[in-house]
Amino acid sequence: MAAFHPLWEDVSEDDVAWVDEHVGHGNFRTWAKLTSHLTAETYGKSRPVVDRRMLERACARLMGPL
């Protein structure tokens, strides 16, 4: 995912796999929506850190509670 957007550069492979298993399902449009939510959440932070809790919140916005 790091090749898609720099936001994903520091996200662990385990977290990327978790997201794909729960909401991404290999669908680029879903990943783009998720990236948009995360970008909005990290806007204005000099070095945003995307952790599992942030991923869970963003995924919940897309799919409802996990």
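Our structure is the block above this text.
Notes on the structure follow.

How each quantity is defined
Residues numbered from 1 in each chain as written. Predicted model: local features only at pLDDT ≥ 70, side-chain atom pairs only at ≥ 80, totals over all residues. Heavy atoms only, no water. Core = buried A, V, L, I, M, F, W, Y, C linked by side-chain atoms within 4.5 Å. Buried < 20%, exposed > 50% of the residue type's maximum accessible area, 1.4 Å probe, protein only. Helix = DSSP H or I, 4+ residues; strand = E, 2+ residues; numbered from the N terminus. Contact = heavy atoms within 4.5 Å. Phe/Tyr/Trp six-rings, centres within 6.5 Å; stacked < 30°, edge-to-face > 60°. Axes fitted to C-alpha atoms, helices over the stretch in contact; angles between N-to-C directions. Left-handed = near helix turned anticlockwise from the far one by under 90°. Nonpolar A, V, L, I, M, F, W, Y, C, P; charged D, E, K, R; others polar.

1. Points about the nonpolar core
In step 1: Ranked by internal contacts, the top residues of the largest apolar core, which has 15 residues, are Trp8, Val19, Leu34, Leu38, Val50 and Leu55.
In step 2: For this core, the secondary-structure elements that each account for two or more residues are α1 (13–24), α2 (28–42) and α3 (52–63).
In step 3: Setting aside chain neighbours within four positions, we find Val19 in contact with Gly24, Trp31, Leu34, Leu55 and Cys59.

2. Quick look at unusual backbone geometry
In step 1: Unusually for a residue other than glycine, His25 sits at a positive phi of about 50°.
In step 2: Positionally, His25 belongs in the loop between α1 and α2.
In step 3: His25 sits in the exposed class, given a relative accessible area of 55%.

3. Considerations on the packing of aromatic side chains
In step 1: Applying the stated criterion across every chain yields a total of 2 aromatic pairs.
In step 2: Look at Phe4 and Phe28: their rings are 4.7 Å apart centre to centre, the planes differ by 75°, and that puts the pair in the edge-to-face class. Separated by 24 residues along the polypeptide, Phe4 in the segment before α1 and Phe28 in helix α2 bring together distant segments of the chain.
In step 3: When its relative accessible area of 52% is taken as the criterion, Phe28 is described as exposed.

4. Some remarks on the packing of α1 against α2
Helix-helix packing: each pair is described by the crossing angle between the helix axes and the interaxial distance.
In step 1: For the pair α1 and α2, interaxial distance at closest approach is 11 Å and the crossing angle is 115°. Here α1 and α2 pass one another in a crossing that is right-handed. Seen from α1, the contacting residues are Val16, Val19, Asp20, Val23 and Gly24; seen from α2, they are Thr30, Trp31 and Leu34.
In step 2: Residue composition of the contact of α1 with α2, grouped by class: 5 nonpolar, 2 polar and 1 charged.

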